[in-house]
Amino acid sequence: MFGKLYLIPTTLGETEPLEVMPLSVKKVIEQIDYYIVENEKSARRFIKKISPKKSQPALQLMSLDKYAEELETRKYLDVCKEGINVGLLSEAGVPAIADPGASIVKLAHENNIKVVPLVGPSSILMAMMSSGFNGQNFAFNGYLPIDKTDRKKAIKDLERLSNDKNQSQIFIETPYRNDKMFADLKTTLSPTTNLCIAADITLPSEYIKTLAVKDWKQQQPDLHKKPAIFIIHK
């Protein structure tokens, strides 16, 4: 019998793991020694935090960072064919959502390996839950273009799409560019379009607020270098 691929969420910041995820995550981690991770150092730190007694030398960590070769990563699930369970560990939040782990999940399905998702914090869904927008119809758009002209065009396109489909449009930005994104949103969107900003979700500094763009013009939240989710609804 093949081993399983467990999709293991991590915290969204320096919070106690069991404050934001169920005990089942701890139990699974205590049973698994093989992990596919983005960053070995942070993965070991998280595992030690949620399961202090787990043997660190026994851990077998396989890297899924930007330098990992596809031919190499396609072998990561070979141990499952020997009956060994593997954990796919996200760098923050849930695996395979705005996360390179999706390629490993696809590989598991191709090889008839059972995929088991575990419950944990997703900043995208938690932001959507908190926005007050249409939870029946929403889309995640990842990162918008870096070029200022292209980014403003993308913002207007998402605003138009939201209006045409009554669909909430979710996107993210590299944390150190949040302030530029916020400035562009205020100058590009219609004054009556609603904008939700959710930053540092689940942390003591958590900030979640929804206002019309005309009301955001008087606001300047501290978003610099903070993981943030932006949602617009026209």
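Parameters at a glance
- Residues numbered from 1 in each chain as written.
- Predicted model: local features only at pLDDT ≥ 70, side-chain atom pairs only at ≥ 80, totals over all residues.
- Heavy atoms only, no water.
- Pairing = 2+ DSSP bridges.
- Helix = DSSP H or I, 4+ residues; strand = E, 2+ residues; numbered from the N terminus.
- Right-handed = clockwise from strand over helix to strand, strands pointing away.
- Axes fitted to C-alpha atoms, helices over the stretch in contact; angles between N-to-C directions.
- Contact = heavy atoms within 4.5 Å.
- Phe/Tyr/Trp six-rings, centres within 6.5 Å; stacked < 30°, edge-to-face > 60°.
- Buried < 20%, exposed > 50% of the residue type's maximum accessible area, 1.4 Å probe, protein only.
- Expected span 1.5 Å × (residues − 1).
- Arc of directions from axis to C-beta.
- Polar contact = N/O pair within 3.5 Å; in protein donor to acceptor, adjacent residues only side chain to side chain.

A.B. asks: Before we move on, can you summarise the pairing of strand 3 (residues 60–63) with the specific residues and values?
C.D. replies: For strand 2 (residues 34–37) and strand 3, the ladder comprises four bridges, and the chain directions are parallel. Bridge pairing in strand 3 places Tyr35 opposite Leu61. Crossover connection from strand 2 via helix 3 (residues 40–50) to parallel strand 3: handedness right-handed.

A.B. asks: A description of the sheet that holds strand 2 should follow, citing residues and the corresponding values.
C.D. replies: In sheet architecture, strand pairing relies on hydrogen bonds along the backbone and comes in two forms, parallel and antiparallel. Within the open sheet, the five strands sit side by side as 3-2-4-1-5. Their pairing is parallel. Each end of this open sheet is capped by a strand with a single partner; those strands are strand 3 and strand 5 (115–117). Each adjacent strand pair in this sheet contributes to an overall mean axis angle of 25°, direction not counted. Direction of pairing for strand 1 (residues 5–8) relative to strand 4 (residues 86–89): parallel, over a ladder of four bridges. Opposite Leu7, over in strand 4, you have Leu88 as the bridge partner. Strand contacts of helix 5 (residues 102–110): strand 1, strand 2, strand 4 and strand 5, with the helix running at about 155° to strand 1, the strand carrying the most contacts.

A.B. asks: I'd like a rundown of the sheet that holds strand 8 (residues 194–199), residues and numbers included.
C.D. replies: Taken in spatial order, the five strands line up as 6-7-10-8-9 in an open sheet, and their pairing is mixed. With partners counted over all chains shown, the strands left at the sheet margins are strand 6 (138–143) and strand 9 (207–212), one partner each. Put simply, the sheet's adjacent strands are angled 15° from each other on average, direction ignored. Here strand 7 (residues 168–172) runs beside strand 10 (residues 228–233); their pairing, made up of four bridges, is antiparallel. Paired with Ile170 across the bridge in strand 10 is Ile231. Packed on one face of the sheet, helix 6 (residues 123–131) meets strand 6, strand 7, strand 8, strand 9 and strand 10 and runs near 45° to strand 10. Strands strand 7, strand 8 and strand 10 of the sheet are contacted by helix 8 (residues 178–188), whose axis makes an angle of about 10° with strand 10.

A.B. asks: Describe the packing of aromatic side chains, and please don't skip the residues or the numbers.
C.D. replies: For the structure on display, the rule yields two aromatic pairs. On the basis of an interplanar angle of 15° and a centroid distance of 5.9 Å, the ring pair of Phe171 and Phe230 is categorised as stacked. Linking Phe171 in strand 7 with Phe230 in strand 10, this pair joins segments that are 59 residues apart in sequence. Each of the two residues, Phe171 as well as Phe230, counts as buried. Ring geometry for Phe182 versus Trp216: centroids 5.5 Å apart, planes at 85°, classification edge-to-face. Of this pair, Phe182 sits in helix 8 while Trp216 sits in helix 9 (residues 213–216), and the two are 34 residues apart along the sequence. Just as Phe182 is buried, Trp216 falls in that class too.

A.B. asks: Describe in detail helix 7 (residues 148–165), supporting the description with residues and values.
C.D. replies: Its 18 residues place the ends of helix 7 26 Å apart at the C-alpha level, agreeing with the 26 Å of an ideal helix rising 1.5 Å per residue. Taken together, the buried positions of helix 7 are occupied by Arg151, Ala154, Ile155, Leu158, Glu159 and Ser162. The buried residues of helix 7 occupy one face: seen down the axis, they fall within an arc of 135°. When the buried face of helix 7 is taken as reference, the exposed residues oriented beyond 90 degrees from it are Thr149, Lys153 and Asp164. Close packing links the buried residues of helix 7 with strand 6, strand 7, helix 8 and strand 10. With a side-chain oxygen lying 3.2 Å from the backbone nitrogen of Thr149, the N-terminal cap of helix 7 falls on Asp147. Just downstream of helix 7 lies Asn166, where phi reads positive at about 50°.

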